[in-house]
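Inside the fold
Residues per chain, in single letters:
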Amino acid sequence: MERTVSMCVHMQMGTLGAGNHYAEIQVVEEVFDKAAARKMGIDKIGQVCIMIHSGSRGLGHQVTYIAPFWSLYPCHMPC
């Protein structure tokens, strides 16, 4: 098992992974929420940003596996 994991990691080094993983270069044209933008380091029109989605490895799978059971055992959290 350890060798298989090592081989998979080695094959993906330097990539974003498989599936819907991407890197996108964006230019800010308009800001709708200045306070939120400022928190993310976006402070001017024309600023170049990079958005990267590379997955959550096992976490995303685990969440989607467990999520249907959340409705069976509701946890009432304060708002």
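On a predicted model such as this, the values are computed, not experimentally measured, just so you know.

Once that is clear, we can look at the overall build of the chain. Of the regular secondary structure elements, the chain holds three helices and two strands. The order of α-helices and β-strands along the chain, N terminus first, is α-β-α-β-α. Buried residues in the chain amount to 5% of all 79 residues. Summarising the internal contacts of the chain: among those between residues at least 6 apart in sequence, 45% fall at separations of at least 24.

What follows is about the confidence of the model for the chain. Chain-level pLDDT for the chain is 76 on average; 61% of the residues reach the 70-or-more range. Looking over the chain, one finds the lowest element-wise mean pLDDT in helix H1 (residues 2-12), namely 62, and the highest in helix H2 (residues 34-39), namely 92.

Of all six residues making up strand S1 (residues 22-27), only zero are buried, and the element is barely covered by its neighbours. Here six bridges tie S1 to strand S2 (residues 48-53), and the two strands are oriented antiparallel to one another. Looking at the pairing, valine 27 lines up with valine 48 of S2.

Another point: the side chain of glutamine 47. Looking at the element boundaries, glutamine 47 is found in the loop between H2 and S2. Residue classification places glutamine 47 among the buried positions, given a relative accessible area of 16%. Here the side chain of glutamine 47 touches aspartate 43 through a polar contact of 2.9 Å, landing on its backbone nitrogen. Once residues lying within four places of it in the same chain are set aside, the contact partners of glutamine 47 are Gln26, Val27, Val28, Gly41 and Ile42.

Let's shift gears to the environment of glycine 46. Its place among the elements puts glycine 46 in the loop between H2 and S2. Overall, the relative accessible area of 44% leaves glycine 46 in the partly exposed class. For the pair formed by glycine 46 and glutamate 29, sequence separation is 17 residues and the distance between their alpha carbons is 6.1 Å. In this structure, glycine 46 is in contact with Val27 and Val28, ignoring residues within four places of it in sequence.

As for glutamine 47 and valine 27, which are separated by 20 residues in sequence, their C-alpha atoms are 5.6 Å apart. At 3.0 Å, the side chain of glutamine 47 and the backbone oxygen of glycine 41 are in polar contact.

Cut-offs applied
- Residues numbered from 1 in each chain as written.
- Predicted model: local features only at pLDDT ≥ 70, side-chain atom pairs only at ≥ 80, totals over all residues.
- Heavy atoms only, no water.
- Helix = DSSP H or I, 4+ residues; strand = E, 2+ residues; numbered from the N terminus.
- Buried < 20%, exposed > 50% of the residue type's maximum accessible area, 1.4 Å probe, protein only.
- Contact = heavy atoms within 4.5 Å.
- pLDDT = per-residue confidence, 0-100.
- Pairing = 2+ DSSP bridges.
- Polar contact = N/O pair within 3.5 Å; in protein donor to acceptor, adjacent residues only side chain to side chain.

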